[in-house]
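# Notes for the structure review
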Amino acid sequence: MSQEYQDVKTGTTTVGIVFQGGVVLATERRATMGTLIASKKAKKVHSITDRIGMTIAGGVGDAQQLVRIINVECNLYQIRRGKEISVGAAATILSNYLNQNRFSPYYVQLLVGGVDTNGSFIYSVDAAGGATLEEDFVSTGSGSLTAYGVLEDRFKQDMNEAEAVDLAVRALRAAMRRDSASGEGYNVVVITRDKFEYVPEAKIAEMLPASSVLL
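Since we're looking at a predicted model, the values are computed, not measured.

For the chain, the helix and strand inventory stands at six helices and 12 strands. In terms of overall size, the chain behaves like a compact globule, its C-alpha atoms giving a radius of gyration of 16 Å where 215 residues would be expected to give roughly 17 Å. With 215 residues in all, the chain has 52% of them scored as buried. Across the chain, contacts joining residues at least 24 apart in sequence account for 66% of those joining residues at least 6 apart. Surface summary for the chain: the accessible area is close to 10,200 Å², and the carbon and sulfur share equals 48%. Taken together, the 22 basic and 24 acidic charged side chains of the chain have centroids lying 3 Å from each other.

Put into structure tokens, the structure is as follows:
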């Protein structure tokens, strides 16, 4: 892989929120190469099973390789054991792989979230393989400090799906205003026991006027 491609970063703000019955994973779409905006349509939320998703922040090449690896590992788990992998097990596999490569690390910070038979969960996984279960919400990337300000202020227990999506958009919008590496629109995924759904751009656009007043 060329050094030029490795230098492409997802810049990034990612957000994960646990709501009553599911999780929301959300990111913006800008990828940067230094001061250059390398892409305005970067995909930073990926499906790794029917009910588990992963967000990426960091080096694009490293992150995409990890998406491919964890997809294969989750499929092998289902074939060997005859059941869907849990969110925690998927995060553990990813954590172990990253830890084994800690002396030649993948430059990434990841969120793994979804729904299994035990409930709704989001894990934050760092480049050294540290995996942390996030009880309510989490944000990663260069715009995370701004996003956390909104999340801390607006989050409440037992939010419904619509409230969680609105909060994720609010947090991303705040980060995009203050972080030059974040921008170009929204990727929002809702995961419940019944669906893995990318929220349509038209629906997000309808929410933006209401989300423009952040405080």
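Reported here for the largest pocket is a volume of approximately 240 Å³. Taken together, 14 residues line the largest pocket, and the ones lying closest to its centre are E84, I85, V115, D116 and T117. For the lining of the largest pocket, the class distribution of residues is four nonpolar, four polar and six charged.

Tallying each qualifying case throughout the model produces four aromatic pairs. With a centroid separation of 5.8 Å and 50° between ring planes, the pair formed by Y97 and Y106 is classed as tilted. In this structure Y97 comes out as partly exposed when scored by relative accessible area, which is 25%. Among the aromatic residues, those joined into a cluster by ring pairs are F137, Y148 and F155.

Moving on: the sheet that holds strand β11 (residues 186–192). Spatially, the five strands line up as an open sheet ordered β10-β1-β2-β11-β12, and their pairing is antiparallel. Two strands bound the open sheet, and with one partner strand each, they are β10 (137–141) and β12 (196–198). Averaged over all neighbouring strand pairs, the angle between strand axes comes to 15°, with direction disregarded. Sitting on the sheet, helix α5 (residues 161–178) touches β1 (13–19), β2 (22–28), β11 and β12, and the angle it makes with β1 is about 160°.

V15, I17, V24, L151, L167 and V188 are the most contacted members of the largest nonpolar core, which totals 26 residues. Only β1, β2, α4 (144–154), α5, β11 and α6 (201–211) provide two or more residues apiece to this core. Counting residues per element, this core draws most heavily on α5, at nine residues.

The strand order across the open sheet built from five strands is β5-β6-β7-β8-β9, with neighbouring strands paired in antiparallel fashion. Because the sheet does not close on itself, it has two edges, and the strands there are β5 (45–49) and β9 (131–134). With direction set aside, neighbouring strand axes in the sheet form an average angle of 25°. Two strands pair when backbone bridges link them, and strand β6 (residues 52–58) and strand β7 (residues 108–116) are joined in this way by seven bridges, in the antiparallel orientation. For T55, the partnering residue across the bridge sits in β7 and is L111. Packing against the sheet, helix α3 (residues 87–100) makes contact with β5, β6, β7, β8 (119–125) and β9, and its axis sits at approximately 160° to β7.

This paragraph deals with the UniProt feature "active site" (unreviewed entry) in the chain. Summarizing the sequence annotation, UniProt attributes the feature "active site" (unreviewed entry) to T12 in the numbering used throughout. Residue position: T12 is located in the loop between α1 (3–6) and β1. Those residues in contact with T12 that sit more than four places away from it in its chain are E28, K44, I56, A57, T140, G141, S142, G143, D179, A181 and S182. Here the side chain of T12 touches K44 through a polar contact of 3.2 Å, side chain to side chain.

When you line up the elements, S120 lands in strand β8. A polar side-chain atom of S120 sits 3.2 Å from the main-chain amide nitrogen of G22. The contact partners of S120, leaving out residues within four places of it in the chain, are V18, G21, G22, V23, G114 and V115.

In this section: the pattern of salt bridges. Any two side chains of opposite charge can pair if their charged atoms end up close together. Counted by the stated rule, this structure contains eight salt bridges. Notably, a salt bridge pairs R30 with E184, separated by 2.5 Å at the nearest N-O pair. Of the two residues, R30 sits in the loop between β2 and β3 (31–33) while E184 sits in the loop between α5 and β11, which places them 154 residues apart along the sequence. The partner of R170 in a salt bridge is D166, and the shortest N-O contact between them spans 2.8 Å. With R170 and D166 both in helix α5 and four residues apart, this pair spans about one turn of that helix. You can call R170 buried: its relative accessible area is 12%.

About the cut-offs
- Residues numbered from 1 in each chain as written.
- Predicted model: local features only at pLDDT ≥ 70, side-chain atom pairs only at ≥ 80, totals over all residues.
- Heavy atoms only, no water.
- Helix = DSSP H or I, 4+ residues; strand = E, 2+ residues; numbered from the N terminus.
- Rg over C-alpha atoms; globule rule 2.2 N^0.38 Å.
- Buried < 20%, exposed > 50% of the residue type's maximum accessible area, 1.4 Å probe, protein only.
- Contact = heavy atoms within 4.5 Å.
- Areas by Shrake-Rupley, 256 points an atom, 1.4 Å probe, with all protein chains shown as cover.
- Lys, Arg positive; Asp, Glu negative; His and termini not counted.
- Charge placed at Lys NZ, Arg CZ, Asp CG, Glu CD.
- 1 Å grid on protein atoms, 1.4 Å probe; cavity = no way out; pocket = protein on both sides within 12 Å on 5 of 7 lines; lining within 4 Å.
- Points joined across faces, edges and corners; volume = space filled by probe spheres on them.
- Nonpolar A, V, L, I, M, F, W, Y, C, P; charged D, E, K, R; others polar.
- Phe/Tyr/Trp six-rings, centres within 6.5 Å; stacked < 30°, edge-to-face > 60°.
- Pairing = 2+ DSSP bridges.
- Axes fitted to C-alpha atoms, helices over the stretch in contact; angles between N-to-C directions.
- Core = buried A, V, L, I, M, F, W, Y, C linked by side-chain atoms within 4.5 Å.
- UniProt positions renumbered as here; feature names shortened; annotations may be inferred.
- Polar contact = N/O pair within 3.5 Å; in protein donor to acceptor, adjacent residues only side chain to side chain.
- Salt bridge = Lys/Arg side-chain N within 4 Å of Asp/Glu carboxyl O.

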